[in-house]
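# A look at the structure
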Amino acid sequence: MFELEFNTPQQWTDAVLADFDAFLQDHAAAEKKASGMALSMLSHYPDKRKLVKAMTDLALEEMIHFKQVVKLLTERDVNLGDDKKDPYVNQLRGMFRHGKEVFMLDRLLVAAVIEARGHERFALIADALPPGKDKEFYTAIAKSEEKHKNLFVELAYEYFDKEEVDARLAEVITREAQICASLPYRAALH
């Protein structure tokens, strides 16, 4: 449905593989936060029936992913880890405009771009891992993130004019590329 402007370089994958336990801790936190975001969206927009259904399904799916990552951590004898502020997400959230309608549009489109970045990066991890259950897991997670990216844009089209959505999405994609280019590579999703 859309493409990101910034392509994650090999240095990011190298950083993740160098400390995969820390990456798993960050991944678990990201899944938990994604579930919380979906619950927040359905709570803020109870009159948007398609959004409520989609966010209910998404919250459950993200919690299943969280549970799966916790299982990987447990198998590696690694604790869950503390939630940390995500500079990538916080900078993207800085794009949120004031006003009920534009705020909702921005939330949907920022979520779409975050999911798109997750799709790209989980696919990179899947490609880099040796054959086995971890590789299969990250291949499946990448596919899931791609569906989520499209879901948020489809919801935006449901509630807003397509031209407005496309114009704002282009702005979010450009800003996201700038943010990615400015952040250090570390054993974290973003």
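Check the entry above for the structure.
So, here is what we can say about the structure in this document. (Residues numbered from 1 in each chain as written. Predicted model: local features only at pLDDT ≥ 70, side-chain atom pairs only at ≥ 80, totals over all residues. Heavy atoms only, no water.)

## Focus: the environment of phenylalanine 96
Residue placement: phenylalanine 96 occurs in the loop between helix H4 (87–93) and helix H5 (100–128). Sequence separation of phenylalanine 96 and glutamate 61 is 35 residues, and the distance between their C-alpha atoms is 25 Å. Other than its neighbours up to four places away in sequence, phenylalanine 96 contacts Phe103, Asp106, Arg107 and Val110. (Helix = DSSP H or I, 4+ residues; strand = E, 2+ residues; numbered from the N terminus. Contact = heavy atoms within 4.5 Å.)

## Considering the nonpolar core
Counting residues in each nonpolar core, the largest one holds 40 residues, and the members touching the most others are Phe2, Leu51, Met55, Tyr88, Leu92, Leu108 and Val113. If you list the elements that add at least two residues to this core, you get helix H2 (20–44), helix H3 (49–75), H4, H5, helix H6 (133–159) and helix H7 (162–182). Among the elements that make up this core, the one with the highest residue count is H5 (ten residues). With sequence-adjacent residues up to four places away left out, methionine 55 is seen in contact with Ala38, Met41, Leu42, Leu151, Phe152 and Leu155. Of all hydrophobic cores here, the second largest spans 21 residues; its members include Leu72, Leu73, Ala126 and Phe137. (Core = buried A, V, L, I, M, F, W, Y, C linked by side-chain atoms within 4.5 Å. Buried < 20%, exposed > 50% of the residue type's maximum accessible area, 1.4 Å probe, protein only.)

## Considering the layout of surface pockets
In this structure, the largest pocket occupies an estimated 900 Å³ of space. Along the walls of the largest pocket sit 37 residues, with Ala30, Lys33, Ala34, Asp86 and Val89 positioned nearest its centre. At the level of elements, H2, H4 and H5 are the ones that each hand at least two residues to the lining of the largest pocket. For the lining of the largest pocket, the per-class residue count stands at 16 nonpolar, eight polar and 13 charged. (1 Å grid on protein atoms, 1.4 Å probe; cavity = no way out; pocket = protein on both sides within 12 Å on 5 of 7 lines; lining within 4 Å. Points joined across faces, edges and corners; volume = space filled by probe spheres on them. Nonpolar A, V, L, I, M, F, W, Y, C, P; charged D, E, K, R; others polar.)

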